[in-house]
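Per-entry structural report
Here's the letter readout for the chains.
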Amino acid sequence: MSDGTVLYGVPVVETAGQVVLHPRVDQWLETVSALKADGFCMAIDLTAVDYSAHPGRTNLPDDVNPERFEVVASFISHVDGGRRVRLRVQVPEGDPSLPSLFNIFPGTEAMEREVWDLLGIAFDGHPDHTRILMPEDWVGHPLRRDVPMGRIPVQFKDSPVSR
Amino acid sequence: MSDVATSGLDDAPVSDSDSAERIFRLDETSAVLRLSEAEAAALAGNSEDPPSGDSADQRMILNMGPSHPSTHGVLRLILEMEGETVLRSKPVIGYLHTGMEKTAEDLTYLQGPTNVTRMDYAAPLFSELAFSMAVEQLLGIEVPPRATWIRMLMCELNRAASHLLFQATNGMDLGAVSMMIYGWREREEVLRFFEKVTGLRMNHNYIRPGGVAADLPDGWQKDIHRLLELIPPRLDEYDKLLTGQPIFRKRLQGVGVLTPAEALALSTTGPILRSTGYAWDLRRDQPYLAYDQVEFDVIVGTHGDAFDRYAIRLNEIRESLRIVEQIVDLMPDGDYRTQDKKVTPPPRARINESMEALIHHFKIFTEGFHVPEGETYAAVESPRGELGCYMVSDGGPKPYRMHIRGPSFVNLQTLPHLMEGGLIADGVAVVSSVDPIMGEVDR
């Protein structure tokens, strides 16, 4: 998958015109800072994926170890008609945390709260590390794959059927 | 561009420095009240022990919403007030959260648009478009030209309808109640056309992966020409009713000011970013569909205040209608959906004579079509800003993960900064000018 290219010291893959960078957790802040210094003026999106139900994914560069969680952030530069890059960082299940981007892009504040709320990935140094969509006293992180899909209980659904 | 877009009195406040410093503040001078709901409730309930500070005895915590006529649905604002002045505030959201991103993992790619169309219910076609574009990128298929142009026609009409709804609610929030009826009246005309094309006034499920659900009905040009004759004179009436009206201007000018640097720092897109004078519109700068083949202007403001946001939306209706007028002339003939057999079911006649066609039809509608493994991000310019769809496929018939980057959700972060130091009545104008759709904020 990887063609061996490196940008900002980070493996980079280009698929269908979209540039995807794969920093490690310890490269996260410096890569985003380098992007900002390079004219990427806006953090357009930040989300995360729980890959626990899809372990054998093949679209990672060879030197990137797949982990359970992946935080995905998109940045945009408005120079020359606009360029986009996407960062995919592997976050291990044992320590699901990442430094907050607040001091570089304060616009990620709500997005990081959403990722914490729905997927349980903590953001160190976030100024307001609270739930955003779920009730404050909610237990668990509903977008994780081990949380079952909600169902409306149907009467008699589990009762034995005579056939 | 008509004269009204260059809004603002000359004495409207413009920030002297183009620094986003105040966005980064975390201490008491920040505009954002970073309290949890429990902490805010404890403070609000205990008037004996107000928060510390120089004028501690004057400050109070006030909850506005979640059910309040001017909060556009179920938005709750925790406000720290000193008299009538808003010091710090925090939008509390989630009252409409129904887990649509989780639901999307249980729906096939063909069912997906029925889910996302319920996010931004004022501009449903844009969510469908972003979703469909993401699926098509993963599939690697091209949609036929007619489908592209039908999508563009419907989206521009939807943008006009959404901005007409804004004109209505904005007028209502500021006390121009007759405006509410006028805005609704014109929007209804557009929705009537939508009903003719898609069968539904809202939540259309019309734009689907591979094309659109149905071709335009016979005589659609006549309906479009009727709209094009009907709406522009009414927009001129809005100008007479609101744009030049001193009370309306005084309520909006200089209220909720944002600088370009602050807007960029807060990831703001759409009319709020353009109101600061920053010309960025995905339709022009990163053209998708066939926007590079039509002529239109990107409307920008100068002062970044609530009035500019009003004027931008009013003139974007005019630009949308200008695009629609060109689409009527340029609409190509051909298929309205791709003929890729993997995505599109076989025609009815084939099912009668071919067993394979019958199986194919059955498989598409029960199991759904499989999408190659991969991940992608597709973005469109919705009436509220950049609407993006991030999609991960594991090779199965359902998205492994589907995330919608809702412009309202991100733009809502500007609220505390826009309301800081203003009166609570200005806060109503600010919420209205941000034009959040809570269905998209909470998803």
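Note: the structure precedes this text.
Residues numbered from 1 in each chain as written. Chains lettered and ligands numbered in written order. Predicted model: local features only at pLDDT ≥ 70, side-chain atom pairs only at ≥ 80, totals over all residues.

**Structural notes on the overall build of chain B**
When helices and strands are counted, chain B shows 19 helices and eight strands. Across its three principal directions, the C-alpha atoms of chain B cover 85 × 45 × 35 Å. Among the 443 residues that make up chain B, the fraction classed as buried is 53%. (Helix = DSSP H or I, 4+ residues; strand = E, 2+ residues; numbered from the N terminus. Buried ≥ 20, exposed ≤ 12 C-beta atoms within 10 Å, placed from the backbone.)

**Looking at the overall build of chain A**
When helices and strands are counted, chain A shows two helices and eight strands. Start at the N end of chain A and walk to the C end: the helices and strands fall as β-β-β-α-β-β-β-β-α-β. At a minimum sequence separation of 6, the contacts of chain A that also span at least 24 residues come to 57%. (Contact = placed C-beta atoms within 7 Å.)

**Looking at the packing of helix α8 (residues 220–243) of chain B against helix α13 (residues 306–330) of chain B**
All names here are of chain B. The N-to-C vectors of α8 and α13 enclose an angle of 160 degrees; their axes lie 10 Å apart at closest approach. One way to sum up the angle between α8 and α13 is to call them roughly antiparallel. Of the two possible hands of crossing, α8 and α13 adopt the one that is left-handed. Note on element contacts: α13 touches α8 through A311, L314, I317, R318, L321, V324, E325 and V328, opposite Q221, I224, L228, I231, P232, L235, Y238 and T243. (Axes fitted to C-alpha atoms, helices over the stretch in contact; angles between N-to-C directions. Parallel < 35°, antiparallel > 145°, perpendicular 65-115°, else oblique. Left-handed = near helix turned anticlockwise from the far one by under 90°.)

**Overview of the sheet that holds strand β7 (residues 385–393) of chain B**
All names here are of chain B. Ordered by their spatial adjacency, three strands build an open sheet running β6-β7-β8, and the pairing between neighbours is antiparallel. At either end of the open sheet lies a strand with only one pairing partner, and these are β6 (374–382) and β8 (401–405). Ignoring strand direction, the axes of neighbouring strands in this sheet form an average angle of 10 degrees. The pairing of β7 with β8 spans five bridges and is antiparallel. Paired with M391 across the bridge in β8 is M402. The strands touched by helix α5 (residues 124–139) within the sheet are β6, β7 and β8, with β6 carrying the most contacts at an inclination of about 150 degrees. (Pairing = 2+ DSSP bridges.)

**Quick notes on the pairing of strand β2 (residues 76–82) of chain B**
All names here are of chain B. Looking at chain direction, strand β1 (residues 59–64) and β2 are connected through six bridges and run antiparallel. Bridge assignment links N63 to a residue of β2, and that residue is I78. Across seven bridges, the pairing between β2 and strand β3 (residues 85–92) is antiparallel. Looking across to β3, one finds that L77 is bridged to P91.

**Considerations on the environment of R322 of chain B**
Within the fold, R322 of chain B resides in helix α13. Put simply, R322 of chain B and T243 of chain B are 79 residues apart on the chain and 21 Å apart in space, counted from C-alpha to C-alpha.

**So, the interface of chain A and chain B**
Accessible area lost during the coming together of the parts is what is often quoted as the interface size. Counting residues at the interface gives 36 residues for chain A and 40 residues for chain B. Among the elements of the structure, β4 (40–50), β5 (69–77) and α2 (109–119) of chain A are those that each provide at least two residues to the side of chain A that touches chain B. Looking at side-chain class alone, the side of chain A that touches chain B contains 17 nonpolar, 13 polar and six charged residues. (Nonpolar A, V, L, I, M, F, W, Y, C, P; charged D, E, K, R; others polar.)

**Notes on helix α1 (residues 28–37) of chain A**
Spacing of three or four residues puts side chains on the same side of an α-helix, whose turn is 3.6 residues. Residues and elements named next belong to chain A. Along α1, the positions that sit buried rather than exposed are W28, T31, V32 and L35. Taken around the axis of α1, the buried residues stretch over an arc of 95 degrees, which confines them to a single face. Where α1 is buried, its residues touch β2 (10–15), β3 (18–21), β4, β5, β6 (83–91) and β7 (97–99). Two residues or fewer after α1 comes G39, characterised by a positive phi angle close to 105 degrees. (Arc of directions from axis to C-beta.)

**A look at unusual backbone geometry**
All names here are of chain B. Despite not being glycine, L289 has its phi angle at roughly 45 degrees, a positive value. Its 21 C-beta neighbours within 10 Å are what place L289 among the buried residues. Its identity as a non-glycine residue notwithstanding, D435 has a phi of 55 degrees, on the positive side. By the element assignment, D435 lies in the loop between α18 (424–434) and α19 (438–442).

**Observations concerning the nonpolar core**
Counting residues in hydrophobic clusters, the biggest one holds 161 residues, and the most contacted among them are V71 of chain A together with A130 of chain B. Take this core: its biggest share by element is 14 residues, from helix α6 (residues 145–173) of chain B. (Core = buried A, V, L, I, M, F, W, Y, C linked by C-beta atoms within 7 Å.)

**Things to note about the environment of A34 of chain A**
As for its placement among the helices and strands, A34 of chain A is situated in helix α1. Looking at A34 of chain A, the number of C-beta atoms within 10 Å reads 17, which means it is partly exposed.

**Notes on the packing of helix α7 (residues 177–198) of chain B against α8 of chain B**
For any two helices packed against each other, one specifies the inter-axial angle together with the distance between the axes. All names here are of chain B. Running from N to C, α7 and α8 cross one another at 165 degrees; their axes reach a closest spacing of 11 Å. Put simply, α7 runs roughly antiparallel to α8. Crossing of α7 against α8: the hand is left-handed. Counted together, M179, Y182, E186, E189, V190, F193 and K196 of α7 and D223, L227, L230, I231, R234, Y238, L241 and L242 of α8 form the full contact between these two elements. Per-class residue counts for the contact of α7 with α8 are ten nonpolar, no polar and five charged.

**A closer look at α5 of chain B**
All names here are of chain B. With 16 residues, α5 should reach 22 Å at 1.5 Å per residue; the first-to-last C-alpha distance of 23 Å fits that figure. The element α5 is extensively covered by neighbouring structure, given that 16 of its 16 residues are classed as buried. Within two residues after α5, G140 carries a phi angle of roughly 70 degrees, on the positive side. (Expected span 1.5 Å × (residues − 1).)

**Observations regarding the sheet that holds β4 of chain A**
All names here are of chain A. Reading across from one edge, β1-β2-β3-β6-β5-β4 is the order of the six strands in this open sheet, with mixed pairing throughout. The open sheet has two edge strands, β1 (6–7) and β4, and neither has a second partner. The sheet contacts of α1 involve β2, β3, β4, β5 and β6, and relative to β6 the element is tilted by about 175 degrees. Of the strands in this sheet, β4 and β5 touch α2, which is tilted by about 0 degrees from β4.

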